[in-house]
Each structure stands twice: as C-alpha cells, then as structure tokens.
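Structure assessment
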Amino acid sequence: MKILFVAAEAVPLAKVGGMGDVVGALPQFLRKMGHDVRVFMPYYGFLSDKLDIPEEPVWLGSAMFQEFAVYETFLPGTDVPLYLFGHPVFDPRRIYYGEDEDWRFTFFANGASEFAWNYEDWKPEILHCHDWHTGMIPVWMQETPEIKTIFTIHNLAYQGPWRWRLDQMTWCPWYMQGHNTMAAAVQSADLVSTVSPTYAKQIQTSAYGENLDGLMSFISGKLWGILNGVDVERYNPETDRYIVENFNAETLDQRAANKSALQEELGLEMNEGRFLMGMVTRLVEQKGIDLLLQILDRFMAYTDAQFVLLGTGDHYYESQMWHMAARYPGRMSVQILHNDGLARRIYAGCDVFLMPSRFEPCGITQMMAMRYGCIPIVRRTGGLVDTVKHHDPLNQDGWGYCFDRYEPLDFFTCMVRTWESFRYPQYWREMQKRAMSLDFSWDKSAQEYVRMYKQVLGLSQTDLLPEEKRALGLPVDEPETSTVSAS
Ligand SMILES: Nc1ncnc2c1ncn2[C@@H]1O[C@H](COP(=O)(O)OP(=O)(O)O[C@H]2O[C@H](CO)[C@@H](O)[C@H](O)[C@H]2O)[C@@H](O)[C@H]1O
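All values reported here derive from a predicted model rather than from experimental measurement. (Residues numbered from 1 in each chain as written. Predicted model: local features only at pLDDT ≥ 70, side-chain atom pairs only at ≥ 80, totals over all residues. Heavy atoms only, no water.)

1. Quick notes on the pattern of salt bridges
- Evaluated as defined, the whole model comprises 23 salt bridges.
- Glu430 serves as the salt-bridge partner of Lys433, at 4.0 Å between the closest nitrogen and oxygen. With Lys433 and Glu430 both in helix 15 (residues 425-436) and three residues apart, this pair spans about one turn of that helix.
- What makes Glu430 partly exposed here is its relative accessible area of 28%.
- One network of salt bridges, with partners in common, ties together Arg31, Asp36, Arg38 and Asp79. (Salt bridge = Lys/Arg side-chain N within 4 Å of Asp/Glu carboxyl O. Helix = DSSP H or I, 4+ residues; strand = E, 2+ residues; numbered from the N terminus. Buried < 20%, exposed > 50% of the residue type's maximum accessible area, 1.4 Å probe, protein only.)

Shown next as structure tokens:
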C-alpha cells in the first residue's frame with residue numbers, strides 16, 4: 001500500500017510533543033511490513049541545520065495564490081522518503097505560535113493536497129493526516145475517491161480555525177461540514193483514529209469530547225483507538241548514549257549511577273536514598289500542572305523527596321514552578337527548556353514519573369519512563385488506563401500507581417502511598433522489572449494500522465504480505481505471493 005503521512009512534526013527533525021514521535025517512528029515499522037510509506041511536512045527554517053536537503057525541488061506547485069516547492073530527502077537514519085513543503089512562511093525557526101498559525105498550516109494542508117493530486121512520480125493511495133493542521137485535507141479529498149483519507153486525533157483540544165476564518169483564507173467547498181477544522185476533518189475522513197482505545201471511548205462523552213462529543217458518537221462506527229508505541233531502539237537503557245550508565249532489567253544495580261549523576265547535574269543533594277520524582281512535559285492545562293501546584297509544596301514539606309521538572313509551555317505554569325523551586329534549594333530543579341538528552345536522563349535517574357493528566361489521548365512519556373525503570377504515578381484517564389496497571393502487593397502484579405478523580409487529595413494520597421512503597425527496595429525492584437519487561441514496541445500498533453489501511457482500501461484482512469507474515473512470526477509460503485498490494 002502507498003501511504004503518505006502528512007503532519008507538522010516528525011522526529012528527529014521537528015518535535016514539540018508526542019505527535020512528532022508517532023510520525024517519525026510509525027512509518028519505519030510500516031515500511032518493514034512491506035508498505036511504501038512516506039512523510040510530507042513543512043520545510044522549517046531550522047531543518048537545514050539537521051540534514052542535507054537537495055537544492056533542487058522535485059516539484060513546484062501553487063495553493064492559496066502562493067507558489068511553493070517540494071524537496072525530497074529521507075528521514076535521518078531511515079529509509080523513509082521525506083517530502084518537505086518549502087515556502088518562506090515556514091522559514092522562521094519555529095514550529096508553532098505566531099499570529100499566522102492558522103494561515104500557514106491551512107496553506108500547508110492545501111499544498112499537500114495539491115501534491116497528492118498532481119505529483120506524477122508517486123501517487124499515494126492513502127493520505128494519513130495528523131491533527132488539525134492537516135484537517136482540511138479529508139474535506140478537499142472528498143471529491144477524489146481514488147485517494148482515501150485517514151485522520152488521526154492526537155489532541156482533540158486543539159481544533160484549528162473556525163469555518164468563517166477558513167472561508168476568509170481559502171476555499172471551503174459547499175460540501176464541507178462542521179464549524180471548525182477538526183470537526184470538518186472527522187466528518188470527511190474515510191476513517192478516523194485516536195491514539196488509545198480508552199480515549200476513543202472517552203471522547204464520545206461530554207467530559208472529554210471538547211464540545212465534539214456528539215459528533216464523535218455520531219462517527220463512532222469509523223472511529224478506531226490504536227495505542228501508540230515507543231521507538232524501543234532509540235529509547236533503550238541498554239544502549240542509550242545520553243545516560244551515564246547503561247542497564248537493563250537484570251542489571252538494575254547499575255541504574256543507581258544515573259540517579260547520582262542526575263542529582264549532580266541538577267544541583268540536588270546527592271543521596272541514593274532520596275525519593276526522586278520527575279516530570280517531562282509540555283506545561284499546559286492538559287498535563288495536570290494545576291493539580292501538581294496545589295499539592296507539591298505540601299508533599300515536599302512533608303517528605304524528604306526531591307523533584308525534577310523538564311518542560312516548556314504556558315508562562316503562568318513556568319513561573320509558578322520556578323517560584324516553587326526557589327523554596328527548595330538542593331531538592332527541586334525546574335528546567336524550562338526542551339532537551340531530549342536530559343529527558344532520557346530523567347527517565348533513567350528518577351524513581352517515579354508524575355503524570356496527573358486532566359486528559360491524555362495516549363501519553364508516550366510514561367511508557368518511556370517505564371522502559372527506563374521509572375515507576376509512573378498517573379491519573380487513570382485515556383491511554384494511561386491502557387498502559388499503567390496499578391500495583392497489587394498481594395499478587396506482586398502491576399507496575400505503577402494510579403488515582404481516579406482529578407482532585408488534589410487523591411493525587412496527594414497516591415504520592416504518599418508510592419513514597420511508602422519506595423521504602424521496600426526488594427519489592428520496588430520487582431515492580432521496576434515488571435515495568436521494564438512490558439512490550440511497548442511499535443510492531444503491535446503497526447499491525448493495527450495496517451488493518452485500518454486495508455479496511456479503507458477494501459482489501460482482505462486475511463491476506464498478508466510476506467513482510468507482514470515475517471513481522472508476525474508466521475511461516476512464509478514458497479513461492480512468495482503478494483496478494484494485498486493494490487498498487
Ligand atoms: N521539555 C521537553 N524536553 C524534551 N522532551 C520533551 C519535553 N517535553 C515533552 N517532551 C517529549 O515530548 C513527548 C511528549 O509526548 P506525550 O505523548 O507524552 O505528550 P503530548 O501531549 O505532547 O502528545 C499528544 O500526542 C501524543 C501522540 O499521539 C499522545 O501520546 C498524547 O497523549 C497527546 O497529548 C515525549 O517524547 C517527551 O519526551
């Protein structure tokens with residue numbers, strides 16, 4: 001199958017949050033399964049620092065009365081072809097923000113559609129669109145039945161420009177339904193997915209539907225919930241170059257060196273016995289920062305814990321966290337920056353990872369933390385339900401601590417319980433081992449996406465490509481026959 005991912009972010013080139021992880025990783029796994037998957041994203045001004053981009057474009061087009069150029073290269077370190085949408089509006093060294101955000105991404109979506117319609121050398125059968133930035137693509141593609149569209153919701157809270165604004169900026173066809181980009185996208189796309197089974201159900205309720213719950217229930221017949229994975233090769237404590245000491249579930253003793261190194265790096269008291277809590281996050285309402293602010297001071301005063309936060313986002317939260325850190329010198333460190341290396345050192349060095357999210361479509365950081373033996377404390381919502389099992393001391397099961405209600409007292413109690421469990425090292429270690437042995441690789445999710453692609457193309461689910469069989473560990477018949485490719 002020929003699939004073009006269209007998105008605003010893709011690791012390792014451009015990433016603000018988890019969507020970039022998905023768009024950068026999933027295509028590699030789908031290609032391993034024999035599918036021709038490529039990525040289309042903006043040519044941001046900072047990209048030329050990160051990879052060599054040919055000077056000659058492979059295609060020139062126009063959209064919204066603007067000329068643009070498309071350059072072809074590869075996602076670094078992979079065989080995934082990458083098309084870069086070049087126009088001066090993307091020259092600034094930023095991904096989001098700025099007053100022109102609505103315009104520049106609607107233009108990007110229009111450019112991607114033009115490319116899919118008119119580029120002669122490669123024709124996608126499916127456009128896999130990610131979040132509102134690409135939301136108009138399914139609308140425009142409605143009149144092009146030979147190209148199917150899949151729209152994946154990574155974050156329903158950001159719904160893109162309203163219809164009146166779209167009307168001002170570009171052409172909204174008469175058949176466009178919905179009052180903003182997100183609403184239009186889910187109605188027009190052939191299939192819609194979100195990034196965990198629990199979140200797929202939750203967005204059909206008023207508590208999580210962001211005012212689109214009615215619409216989500218209405219389209220539930222074409223709504224899939226597919227859990228994200230983690231790039232287990234990039235994020236591997238056994239080989240990670242960014243941490244001080246490599247380790248695995250069998251050599252957990254070596255993990256202690258990472259804790260000391262992190263304490264030293266961030267100016268915390270170097271003491272192995274301290275309960276070290278970490279958080280790597282966008283500092284936005286979604287992530288439960290307001291809940292944390294209500295209890296952190298009390299918890300720090302009540303215990304001997306240490307706390308590390310790495311994140312950027314709303315200035316209000318940034319300054320609140322700074323002020324809090326100033327009250328606990330040597331015990332709390334707040335790093336307002338984006339730094340992948342430090343994020344890994346936090347996963348490898350902290351004892352627990354906090355994720356008290358108000359809502360969480362999937363959440364990748366808790367999976368990364370578990371992979372590095374860091375026990376998650378999470379609110380039971382969205383993908384956190386699907387990935388974190390509450391500890392069960394009687395049966396020695398579970399690998400995290402969960403609370404249900406979005407209430408400071410519930411979060412506080414959960415943290416105190418975790419802190420108490422931490423006093424039992426043998427028990428704690430077993431829990432770390434269970435967390436580290438979980439399989440969060442992309443293979444399983446990639447199989448689900450393949451099922452979805454086959455459904456949208458009307459292909460049989462049972463006929464597998466030889467590469468798919470190999471990925472599933474099934475015997476490959478001789479001679480190999482390729483039965484599913486519609487290309
Ligand atoms: N300051 C910082 N420095 C370094 N790295 C940082 C960082 N802040 C965040 N990150 C990284 O960004 C990613 C965050 O991913 P998440 O999935 O946890 O959340 P996000 O809300 O961005 O994603 C949205 O999309 C994803 C993908 O579908 C869903 O899992 C999620 O629920 C949804 O909210 C992780 O790779 C993390 O390490």
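2. Things to note about the packing of aromatic side chains
- A complete count under the given rule lists 37 aromatic pairs for this structure.
- Relative to Tyr71, the ring of Tyr43 lies with its centre 5.3 Å away and its plane at 85°, an arrangement referred to as edge-to-face. Note that Tyr43 is positioned in the loop between strand 2 (36-42) and strand 3 (59-63) and Tyr71 in strand 4 (residues 66-74), a separation of 28 residues in sequence.
- Between the aromatic rings of Tyr96 and Phe105, the centroid separation amounts to 5.8 Å while the plane-to-plane angle is 50°, which identifies the pairing as tilted. The same class applies to Tyr96 as to Phe105, namely buried.
- Above the plane of the ring of Tyr235 lies Arg344, whose end atom (NZ or CZ) is 4.3 Å from the centre.
- Sitting over the face of the ring of Trp419, Arg423 holds its NZ or CZ atom 4.8 Å from the ring centroid. (Phe/Tyr/Trp six-rings, centres within 6.5 Å; stacked < 30°, edge-to-face > 60°. Lys NZ or Arg CZ within 6 Å of the ring centre and 35° of its normal.)

3. Describing the side chain of Asp131
- With respect to the secondary-structure elements, Asp131 resides in the loop between strand 6 (126-130) and helix 3 (136-140).
- For Asp131, which is buried and forms no salt bridge, the nearest opposite charge comes from Arg282, at a distance of 8.1 Å.
- One polar contact links the side chain of Asp131 to the main-chain amide nitrogen of Asn155, over a distance of 3.2 Å. (Lys, Arg positive; Asp, Glu negative; His and termini not counted. Polar contact = N/O pair within 3.5 Å; in protein donor to acceptor, adjacent residues only side chain to side chain.)

4. Comments concerning the nonpolar core
- In this structure, Phe40, Tyr44, Leu47, Met277, Phe307 and Leu354 are the most contacted members of the largest nonpolar core, which totals 177 residues.
- Considering every element that reaches this core, the biggest residue donor is helix 9 (residues 289-302), with eight residues.
- Two domains share this core, each providing at least three of its residues, namely domain 1 (2-225) and domain 2 (252-436).
- Setting aside its immediate chain neighbours within four residues, Leu47 contacts Leu13, Met41, Pro42, Ile53 and Leu84. (Core = buried A, V, L, I, M, F, W, Y, C linked by side-chain atoms within 4.5 Å. Domains from an automatic or database assignment. Contact = heavy atoms within 4.5 Å.)

5. Observations concerning the site of the ligand
- Taken together, 30 residues lie near the ligand, and Lys15, Asp21, His154, Arg282 and Glu360 sit nearest.
- The separation between a nitrogen atom of the ligand and a polar main-chain atom of Asn339 is 3.0 Å.
- Here an oxygen atom of the ligand sits 2.7 Å away from a polar atom, N or O, in the main chain of Gly363.
- Its free accessible area being 710 Å², the ligand has 98% of it covered by the protein chains.
- When residues in the shell around the ligand are grouped by element, the largest group, four residues, is from helix 1 (residues 18-32).
- Classifying every residue of the shell around the ligand gives 12 nonpolar, 12 polar and six charged.
- Both of domain 1 (2-225) and domain 2 (252-436) provide at least three residues apiece to the shell around the ligand. (Near = heavy atom within 4 Å. Areas by Shrake-Rupley, 256 points an atom, 1.4 Å probe, with all protein chains shown as cover. Nonpolar A, V, L, I, M, F, W, Y, C, P; charged D, E, K, R; others polar.)

Nothing here speaks to function; it is all geometry.
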